[in-house]
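Here is how the chains run, residue by residue.
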Amino acid sequence: MNSVNLVGRLTRDPDVRYTDSQLAIARFTIAIDRMGKDAGTDFPAIVAFGKTAENCERFLAKGRLVSIQGRIQTGSYTNKDGVKVYTTEVVANNVQFLEWGDKQKQGMGDSQSMPSGLPDGVTMIDDDDLDEDVPF
């Protein structure tokens, strides 16, 4: 089974391009801290397509915390010097925005506030509305 779940922060704004058929493709890298005696940081390349890519372009910016669910994909190409280069990237099936905000409003107020135009199926829940008896 080829399944990946990652949580990390964007190292730069997503690079979004469109194919001739107007399919959005977003590429970005996240920083993930490693724990234990092999402590360090990994920087996996992420690629997202379609609506997911468009939402990444609209809401994600350098430093934002995201959760990625997807699969690992490997490939290769020959560079301009004739050297074969091998690639590994995570193809995102689902990108969850763990910190919110429009990119245009970044640096202005609370970076975790919800934007006015929420994607379909997303609802804002106020912490005051939560029942204190919830066991988690």
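Since we're looking at a predicted model, the values are computed, not measured.

What counts as what
Within each chain, residues carry numbers counting from 1 in the order of the written sequence. Residues qualify for local features only when their pLDDT is at least 70, as the model is predicted, and side-chain atom pairs are given and counted only at 80 or more; totals for whole chains, interfaces and linings, by contrast, use all residues. Side-chain measures here rest on the full set of heavy atoms in the structure, leaving out hydrogens and waters. In what follows, salt bridge is the name for a side-chain nitrogen of Lys or Arg lying within 4 Å of a carboxyl oxygen of Asp or Glu. Here's how the labels work: a residue is buried when its accessible area is under 20% of the maximum for its type, exposed when over 50%, partly exposed in between, all with a 1.4 Å probe on protein chains only. Helix and strand definitions here come from DSSP, where helices need a minimum of 4 consecutive H or I residues and strands a minimum of 2 consecutive E residues; each element is numbered from the N-terminal end. Stacked, edge-to-face and tilted are the three classes for Phe, Tyr and Trp ring pairs, Trp counted by its six-membered ring, which pair at centre distances within 6.5 Å; planes under 30 degrees apart are stacked, over 60 edge-to-face, the rest tilted. Grouping buried Ala, Val, Leu, Ile, Met, Phe, Trp, Tyr and Cys residues that are joined through side-chain atoms within 4.5 Å yields what is termed a nonpolar core. The quantity called pLDDT is the predictor's confidence in a given residue, expressed from 0 to 100. Whether two residues touch is decided by their heavy atoms; if any such pair falls within 4.5 Å, the residues are in contact. Polar contacts, as used here, are pairs of N or O atoms within 3.5 Å; protein pairs need one atom able to donate a hydrogen and one able to accept it. Residues neighboring in sequence count only if both atoms are side-chain atoms. Strands qualify as paired when DSSP identifies two bridges or more between them.

Draft legend 1. Molecular detail of the pattern of salt bridges. Under the counting rule described, the total for this entry stands at five salt bridges. Where R17 meets D15, a salt bridge forms, and the shortest distance between an N and an O atom there is 3.3 Å. Residue classification places R17 among the exposed residues on the basis of a relative accessible area of 58%. The salt bridge involving R27 is made with E89; its shortest N-O contact spans 2.9 Å. Separated by 62 residues along the polypeptide, R27 in strand β3 (residues 24-34) and E89 in strand β7 (residues 84-97) bring together distant segments of the chain. Residue classification places E89 among the buried residues on the basis of a relative accessible area of 17%.

Draft legend 2. A look at the packing of aromatic side chains. Applying the stated rule across the entire model yields one aromatic pair. On the numbers, 5.9 Å between centres and 45° between planes, the contact of F59 with F97 is tilted. Here F59 is found in helix α1 (residues 50-59), whereas its partner F97 is found in strand β7, with 38 residues between them in sequence. When its relative accessible area of 2% is taken as the criterion, F59 is described as buried. By relative accessible area, F97 is classed as buried at 12%.

Draft legend 3. Representation of the nonpolar core in the model. Grouped together as the largest cluster of nonpolar side chains are 21 residues, with contacts concentrated most on I30 and I68. Only β1 (4-10), β3, β5 (45-49), α1, β6 (65-78) and β7 provide two or more residues apiece to this core. With five residues, the top contributor of residues to this core is β3.

Draft legend 4. Summary view of the confidence of the model for the protein. Across the protein, the average pLDDT comes to 83, with 73% of residues at 70 or higher. The low-confidence segment residues 107-115, where pLDDT is below 50, has 14 contacts with residues more than four positions distant or belonging to other chains.

Draft legend 5. A look at the side chain of E89. At 2.9 Å, the side chain of E89 and the side chain of R27 are in polar contact. If we skip the residues at most four places from it in the chain, E89 touches R27, A45, V47, R71, I72 and Q73.

Draft legend 6. Inspection of the side chain of S67 at higher detail. By secondary structure assignment, the location of S67 is in strand β6. Apart from residues no more than four positions distant in its own chain, S67 is found in contact with L6, V7, N94, V95, Q96 and L98.

Draft legend 7. Layout of the pairing of β7. Across two bridges, β5 lies against β7 in parallel orientation. Within β7, the position partnered with I46 by the bridge is V90. Alignment of β6 against β7, held across 13 bridges, turns out to be antiparallel. Note that in β7 the partner of Y77 across the bridge is V85. Hairpin geometry of β6 and β7 is characterised by an intervening segment of five residues between the two adjacent antiparallel strands and by a positive phi of about 80° at G82.

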